[in-house]
Amino acid sequence: EAGVTQFPSHSVIEKGQTVTLRCDPISGHDNLYWYRRVMGKEIKFLLHFVKESKQDESGMPNNRFLAERTGGTYSTLKVQPAELEDSGVYFCASSQVLPKAVGELFFGEGSRLTVL
Amino acid sequence: GDSVTQMEGPVTLSEEAFLTINCTYTATGYPSLFWYVQYPGEGLQLLLKATKADDKGSNKGFEATYRKETTSFHLEKGSVQVSDSAVYFCALSAGGYQKVTFGTGTKLQVIP
């Protein structure tokens, strides 16, 4: 079974440019999460989809970030325009909606974003 | 809000040494607690979990006990190996939609 896949693995852009990160969750997982880790700090929650609906987007830092999950499958996270402080590793995770799976998230390898 | 505090790294140990990584948490209610691990070049993966007080999670020789009285979930291993070198994240989940709150991560390096 394929795991969570993220693309690109690393992106280097200049301040003011646009970047789109993609996440393909594990097939059948309704829950999809985006997290971010800024250099050496904690992994911070950005938002949570249940199928195609945004369940919780309280962690999105500002309106330069836009996440979508069309059709409840893959998701994209767009940063426009990018700022220096957006640099970090963006993790995507997915999970099933099962009580016994409480908290067990399956993560991708992350997309490292460097804004110059 | 919910938060997780774990010991600063990096931690460098010799092979076969005893490992402890401290983790304490703040949360309302009774969260589930986790340790995730990120090996070099890989994504995070669940190492172990405990869902109620006094539960002990264990996997690959690692153990952690859910201590409600001290709000702690320290990770231990009796004899580390070079292959255990990774970043370890303590985490909790208190919400019904499985939102997970992470600590800052502790990098472990095991030298032969």
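To be clear, the structure that these remarks concern was listed above.
Cut-offs applied
- Residues numbered from 1 in each chain as written.
- Chains lettered and ligands numbered in written order.
- Predicted model: local features only at pLDDT ≥ 70, side-chain atom pairs only at ≥ 80, totals over all residues.
- Heavy atoms only, no water.
- Helix = DSSP H or I, 4+ residues; strand = E, 2+ residues; numbered from the N terminus.
- Rg over C-alpha atoms; globule rule 2.2 N^0.38 Å.
- Contact = heavy atoms within 4.5 Å.
- Lys, Arg positive; Asp, Glu negative; His and termini not counted.
- Charge placed at Lys NZ, Arg CZ, Asp CG, Glu CD.
- Buried < 20%, exposed > 50% of the residue type's maximum accessible area, 1.4 Å probe, protein only.
- Buried area = accessible area lost by both parts, 1.4 Å probe.
- Salt bridge = Lys/Arg side-chain N within 4 Å of Asp/Glu carboxyl O.
- Polar contact = N/O pair within 3.5 Å; in protein donor to acceptor, adjacent residues only side chain to side chain.
- Nonpolar A, V, L, I, M, F, W, Y, C, P; charged D, E, K, R; others polar.
- Phe/Tyr/Trp six-rings, centres within 6.5 Å; stacked < 30°, edge-to-face > 60°.
- Pairing = 2+ DSSP bridges.
- Axes fitted to C-alpha atoms, helices over the stretch in contact; angles between N-to-C directions.
- Disulfide = S-S within 2.5 Å.

Trainee: Can you tell me about the overall build of chain B, naming the residues and giving the values?
Mentor: Across its full length, chain B holds zero helices and 12 strands. Expected size for 112 residues packed as a compact globule is a radius of gyration near 13 Å; at 13 Å, chain B falls within 12% of this value. Overall, chain B is about 45 × 25 × 20 Å in size when its C-alpha atoms are taken along their principal axes. Considering only intrachain contacts with a sequence separation of at least 6, the fraction spanning at least 24 residues in chain B is 55%. Placing the 9 positive and 11 negative side-chain charges of chain B at their respective mean positions leaves the two points 6 Å apart.

Trainee: Give me the lowdown on the environment of threonine 20 of chain A, citing residues and values where you can.
Mentor: Residue and element names in this part refer to chain A. Checked against the element boundaries, threonine 20 lands in strand 3 (residues 19–24). Residue threonine 20 is classed as partly exposed on the basis of its relative accessible area, which comes to 42%. Taking the C-alpha atoms as reference points, threonine 20 and phenylalanine 65, 45 residues apart in sequence, are found 9.8 Å from one another. Setting aside chain neighbours within four positions, we find threonine 20 in contact with Phe7, Pro8, Thr76, Leu77 and Lys78.

Trainee: Describe the interface of chain A and chain B, and please don't skip the residues or the numbers.
Mentor: Every contact between the two is made by 28 residues of chain A and, on the other side, 21 residues of chain B. A buried area of about 1,800 Å², summed over both sides, lies between chain A and chain B, and 54% of it is on carbon and sulfur atoms. Counting across the interface, chain A meets chain B through zero salt bridges. Here chain A is connected to chain B by three residue pairs in polar contact (both at pLDDT 80 or more). Here the residues of the side of chain A that touches chain B are counted per class, giving 12 nonpolar, nine polar and seven charged.

Trainee: How would you explain the packing of aromatic side chains if you had to name every residue and give the values?
Mentor: As enumerated under the stated definition, the model contains 13 aromatic pairs over all chains in all. Pairing tyrosine 25 of chain B with tyrosine 66 of chain B gives two aromatic rings, centres 6.1 Å apart and planes at 80 degrees, and the pair type is edge-to-face. Here tyrosine 66 of chain B lies in the loop between strand 8 (62–65) and strand 9 (75–77) and tyrosine 25 of chain B lies in strand 4 (residues 23–26), a separation of 41 residues in the sequence. Its relative accessible area of 1% is what places tyrosine 66 of chain B among the buried residues. One aromatic cluster in this structure is built from Tyr33, Tyr35, Phe45, Phe91 and Phe107 of chain A together with Phe34, Tyr36, Phe89 and Phe102 of chain B.

Trainee: Go over the environment of cysteine 23 of chain A with me, naming the residues and quoting the values.
Mentor: All names here are of chain A. Tracing the backbone through its elements, the reader meets cysteine 23 in strand 3. In sequence terms cysteine 23 and serine 94 are 71 residues apart; their C-alpha atoms lie 9.6 Å from each other. Apart from the residues lying within four places of it in its own chain, the contact partners of cysteine 23 are Val4, Thr5, Gln6, Leu32, Trp34, Tyr74, Ser75 and Cys92.

Trainee: Provide a residue-level description of the sheet that holds strand 8 of chain B, including the pertinent values.
Mentor: All names here are of chain B. What the four strands build is an open sheet, ordered 3-9-8-7; its pairing is antiparallel. The open sheet has two edge strands with one neighbour each: strand 3 (19–21) and strand 7 (56–59). On average, adjacent strands in this sheet sit at an angle of 15 degrees to one another, irrespective of strand direction.

Trainee: A description of the state of the cysteines should follow, citing residues and the corresponding values.
Mentor: Residue and element names in this part refer to chain A. For the coordinates displayed, the defined rule picks out two disulfides over all chains. The residue that forms a disulfide with cysteine 23 is cysteine 92, at a sulfur-sulfur distance of 1.8 Å. As the torsion about the S-S bond is roughly -65 degrees, the cysteine 23-cysteine 92 disulfide counts as left-handed. Taken together, the residues span a long stretch of sequence, with cysteine 23 in strand 3 and cysteine 92 in strand 9 (residues 88–95) at a distance of 69 residues.

Trainee: So what's going on with the pattern of salt bridges? Which residues, and what values?
Mentor: Residue and element names in this part refer to chain A. A complete count under the given rule lists seven salt bridges over all chains for this structure. With a closest N to O distance of 3.9 Å, glutamate 83 and lysine 15 form a salt bridge. Of this pair, glutamate 83 sits in the loop between strand 8 (75–79) and strand 9 while lysine 15 is found in the loop between strand 2 (10–13) and strand 3, placing the two residues 68 residues apart along the sequence. A relative accessible area of 53% means that lysine 15 is categorised as exposed.

Take it as geometry only, folks, not as evidence of what the structure does.
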